[in-house]
Amino acid sequence: MADRLQGEFQRRMQQSELGLIAVQCLFSANEQVEYSDFIRLLSQIDREDEFLGAEAFGYLAVVPDTAEATQQLNAELVASGLNPLRVTTHEAAGLHFNDVETDKLIPGRFIIKFVQPNTRFDCAVGLDLGEDRLRRETAERSARTGMACITPRLQLMGSDPDESGFLFMMPHYRGTPRTEAERLNSIVGWVGMALDGASVFENLEAATGNELGYRLFIQEGLHSQFQLASSQSDSSESSLGFQRRTSELIAGQLWNVEVFPTKDFATTVHSLVWTIAVGGGCFTLVVFILVLTLSTHAYRAQKLASHMLVDLRRLAMVAERTTNEVVITDVDRKITWVNEGFIRNTGYQLSEVEGQSPGDIFQCNDTDPNTLQLIQEALANQKGFCGELLNQRKDGTRYWVYLDIQPLLDDDGEQVGFLAIKNDVTEAHEAAARIKRVNERMEYALDGGQMSIWDWDISKGRIVYDSRGYEVTGHHSPEGGDPANVWFERIHPEDLAQVESEINRCISGEKEGFVIEWRCMQENGDFSWLFARGHVVQRDEAGQATYVAGTTMEINERKRVELALVESQKRSQAVFNSSQDAIVFLSNGELLDCNPRTLELFGFESLRDMARFDLVSLSPELQPDGKRSDVEASKIMDLLNTDGKIHFEWTHMSNDGRCFDCDISVVSFNLSGQVYQQAVLRDISNKKEMQRQLSQTQKLESIGQLAAGVAHEINTPMQCVFGNVEYLNMAFDKAFQLINTYRELRDDSEPSELAKEVVQKAELGCRFDSLQHNITESIQEAHDAANRVIDIVRAMKTMSHPGTSAKSTTDLNRLIRDATIVARNHWKYVASLELNLDDAVHSLPVFPAQMSQVILNLVVNSADAIAEGREQESSELGVISVSTQMAEDHVRITVMDTGNGMSESVRSRVFDPFFTTKDVGKGTGQGMAIAYDVIVNQHGGTIQVDSSPGQGACFTILLPIEVETKPVIGDLSESSGGLSVAVGASQFQS
């Protein structure tokens, strides 16, 4: 009967233990327990019926003692819809606790993460159980052994200090640890159960029909114990003086049970004795012994059956509620039973798979045939199989499982079926595949980057390289690595101090890593440039590094490029400093750098002095063409921003006010998100002056070549004037004689007939009527000839004018007429001139002298081309046509001729300086080059030529219409003797 009472105590304790194990099994499939899973799984448990004395379940998490870990746990709770985490202590919760004095096996805090809701322990979330010695020791013992452990007697939250409460804890690991060290390293938390001692231990005597009483003690320390429960009957109530005391080690605690007979047991014994006496001593004795033996065996069988029943209930609950798939088949491998986890994971109901082979249902085309062969061989030999396999769900999705198949045997050893447990390891398999891919990519990266990985165990003084070490460093290392001093001996003496300094700073704790470059001696004695990056992996208690890991790569090519780059930079800097062109670098209008020639050109002592000025401000207010410098600079920047480069001419002004002409090339580029400009300025003041002198020289040369013709043009009208003057001299003599005769006759008051005859003879002698007519004509002819001379002189004056540095508003049609007048003697013998000048062409701002030179050159060249193509003794004249026409935003000037034309090779070079097709001494080759410069560079226009051999040539000039910037220059016409010098173009067509 004492064994029966003790068995009841063991049954109650094991019921709680097995129940806790069953709950822990529900979480074992996942490394992390989510609140939703916690609530869902506990909702399937009837706590009051299935777990004696259990007041609540909870989950206890290991949390590192850092602010980041606490914040992460808080974020997890908030994401689950719970209140923010509030870490509390036993003292704040009003609970008795003992300080932790010994070293902690598991670092960190043991914080209650979840508690079964609607219990008095709701407020326990956030309580750190690790600060109490008894609670921590129980948790660490459970983690170390992997078994369910119970705490010593505790005060539970919300209970009185004298009430006896207990915490049952079952560890929850990451993975499947096998050794104590692995269990301590992989502990994640514990599934806990709060037990009320009074509910668990009361009324144990009922197992003996109240015939035996008991007292239950828990050992506290080596020499003390505490009574947890006792029966209502006392040992003094029995007349029998015996008692039994036993000890049980259950769930990590020592329990002492005292059993003694009660008065009910004594009454039963006396009645039995009198019965035996009446029935006979010997027979009764035999029967008593037989009955006692049978009762003992029956009790033991009942106890064993009770234990088996409890085990079967717990195993059934685990199998039914676990997230793993559980499948039972018969000996032919046909499914006979599946659990709820199977239904949830696969989507199949038992009715759909019952009687079928698992392989026919779950295998797919990608299932490894070799693994299937191993399974078949193992099952055929009645052996188990464990391994990973690719399965397929009902909906067609595929997943990886860890399959554990074991044969089921009866008591006689005969096989009755198979038990298969499948754990979904898809995430772990995919994570492993990802890790494999990452490792492969890392290997590819290391191979591609020619890098080697190394480990430096400072405590052992050895450096170990991976398989790439020889390729990178040029040294063969033994399997155990090289001593550190050997590694340092290979460093070039010039680099050793710097390398040791950087490494020592890292080892001492000043830095967590180091980056070094050095020259390493190879086995053949040559030096190779290496680059290493190291990081501290482990430090001792003093903060000194004990283990460092990193990578090394060979950088010979990079160093060669760096040295070449340094040399290139030196050369570039030398070119920059010695350049005779000014070079400036700008960004957002700010001067960043310039070379010495820039400072010299602008008259500054230093870059700082020049940087105070905007480059545009170092310009005159107006450019030579009369446009504002600031306005034109803004236009130039717009073009630069659009095209990225620009080339133009500009007039700058030095610090002392001196103006100088520049040829400027600017490029814009983007560097690291910042826009920069580089400008190269070349002083072309001397070149401009030489061009002006050359242009004037060429103009005077042209005029000189036309001088004879111009003299002839002046001589012809002057001969006309001279002849008419001689005639007038003779005519006026006759007229004066006639006048004198009239005067004599006027003095005679009564003239005689003779006198009248004399007057009549005088009138007939001078032919007065004819004389009067001829005198009038002679005067008109002299007048016209004088006007022609005046026009020629005016045109010569315009052509020989040296020009100005600014544009002037000029009558373009009149300028063309003057140019053709000067060239008239050059073209009048070979061609006729047609002027088609549009009256709508108004005055334009141009350089008049330069434009006159252009027209003169074109007309003279046309006349020469016609002369070259005419046959000797031919009387047929060619045609030179000059026309003007207003367009939308420009004026078109066209000069056409009927000469012999040009070939493609000549046409492509017609505007090249010093290019000419004329005989030596007849041309300098500068006429068309000057024309191009005047039209394109000075006026911003265009000039084109269309020509083919035998078809003549056509030069087309387009001049932009600009706003007037200068007042109209004075009329180039002159007055002489009151005669008008306006001459119609028709007078010069013949």
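Structure: above.
Anyway, here's the lowdown on the structure attached to this text. Since the structure is predicted, the reported quantities are computational estimates derived from the model, not experimental observations. (Residues numbered from 1 in each chain as written. Predicted model: local features only at pLDDT ≥ 70, side-chain atom pairs only at ≥ 80, totals over all residues. Heavy atoms only, no water.)

## Some remarks on the side chain of T426
In this fold, T426 is placed in helix 14 (residues 426–448). Polar side-chain contacts of T426 include one of 2.7 Å to the side chain of D424. Apart from residues no more than four positions distant in its own chain, T426 is found in contact with Y399 and W400. (Helix = DSSP H or I, 4+ residues; strand = E, 2+ residues; numbered from the N terminus. Polar contact = N/O pair within 3.5 Å; in protein donor to acceptor, adjacent residues only side chain to side chain. Contact = heavy atoms within 4.5 Å.)

## Some remarks on helix 13 (residues 369–380)
For helix 13, spanning 12 residues, the distance from its first C-alpha to its last is 16 Å, which sits close to the expected 16 Å at 1.5 Å a residue. All buried positions along helix 13 are accounted for by T371, L372, I375, A378 and L379. One face of helix 13 carries all of its buried residues, which in axial projection span an arc of 125 degrees. Helix 13 presents P369, N370 and A380 as exposed residues on the side facing more than 90 degrees away from its buried surface. Looking at the packing, one finds that the buried side of helix 13 touches strand 12 (385–392), strand 13 (398–409) and strand 14 (415–424). (Expected span 1.5 Å × (residues − 1). Buried < 20%, exposed > 50% of the residue type's maximum accessible area, 1.4 Å probe, protein only. Arc of directions from axis to C-beta.)

## Looking at the packing of helix 26 (residues 812–822) against helix 28 (residues 848–869)
Running from N to C, helix 26 and helix 28 point in directions that differ by 50 degrees, and their axes come no closer than 9 Å. In terms of orientation, helix 26 lies oblique with respect to helix 28. Considering the relative orientation of helix 26 and helix 28, their crossing is right-handed. Across from L812, L815, I816, A819, T820 and V822 in helix 26, the residues of helix 28 making contact are P848, M851, S852, I855, L856 and V859. Broken down by class, the residue content of the contact of helix 26 with helix 28 amounts to 10 nonpolar, two polar and no charged. (Axes fitted to C-alpha atoms, helices over the stretch in contact; angles between N-to-C directions. Parallel < 35°, antiparallel > 145°, perpendicular 65-115°, else oblique. Left-handed = near helix turned anticlockwise from the far one by under 90°. Nonpolar A, V, L, I, M, F, W, Y, C, P; charged D, E, K, R; others polar.)

## Some words on the packing of helix 28 against helix 30 (residues 927–938)
In the contact formed by helix 28 and helix 30, the axes pass within 9 Å of each other and the chain directions differ by 140 degrees. Between helix 28 and helix 30, the crossing angle belongs to the class labelled oblique. Crossing of helix 28 against helix 30: the hand is left-handed. Residues Q850, M851, V854, N857, L858 and N861 of helix 28 lie in contact with helix 30, whose contacting residues are G927, M928, A931, V934, I935 and Q938. Residues that form the contact of helix 28 with helix 30 fall into these classes: seven nonpolar, five polar and no charged.

## Re the pairing of strand 5 (residues 187–196)
Within strand 5, nine of the 10 residues are buried, leaving the element largely enclosed by the surrounding structure. Bridge count for strand 1 (residues 54–63) against strand 5 is seven bridges, and the pairing is antiparallel. Note on strand 5: the bridge partner recorded for G58 is G192. Examined bridge by bridge, strand 4 (residues 165–173) and strand 5 share nine bridges and lie antiparallel to one another. Note on strand 5: the bridge partner recorded for M169 is G192. (Pairing = 2+ DSSP bridges.)

## Digging into the sheet that holds strand 8 (residues 244–250)
Ordered in space as 7-6-9-8, the four strands form an open sheet in which the pairing is antiparallel. Two strands bound the open sheet, and with one partner strand each, they are strand 7 (225–230) and strand 8. For this sheet, the mean inter-axis angle between neighbouring strands, taken without regard to orientation, is 25 degrees. Relative to strand 9 (residues 253–261), strand 6 (residues 212–219) runs antiparallel, the two sharing seven bridges. Along strand 9, the bridge assignment pairs G213 with F260.

## Some remarks on the packing of aromatic side chains
Applying the stated criterion across every chain yields a total of 16 aromatic pairs. With centroids separated by 5.8 Å and ring planes inclined at 55 degrees, the aromatic side chains of F166 and W255 adopt a geometry described as tilted. With F166 in strand 4 and W255 in strand 9, this pair connects stretches of sequence that are 89 residues apart. The positively charged end of R393 is found above the aromatic ring belonging to Y399, 3.9 Å away from the centroid. (Phe/Tyr/Trp six-rings, centres within 6.5 Å; stacked < 30°, edge-to-face > 60°. Lys NZ or Arg CZ within 6 Å of the ring centre and 35° of its normal.)

## Some points on unusual backbone geometry
Of note, Q382 is a non-glycine position whose phi angle comes to about 55 degrees, a positive value. Examined against the element boundaries, Q382 turns out to sit in the loop between helix 13 and strand 12. Overall, Q382 belongs to the partly exposed group, its relative accessible area being 44%. Positioned with a positive phi, S672 is a non-glycine residue whose angle comes to about 55 degrees. Mapped onto the secondary structure, S672 falls in the loop between strand 24 (659–671) and strand 25 (674–683). Among the residues examined, S672 registers a relative accessible area of 78% and is labelled exposed.

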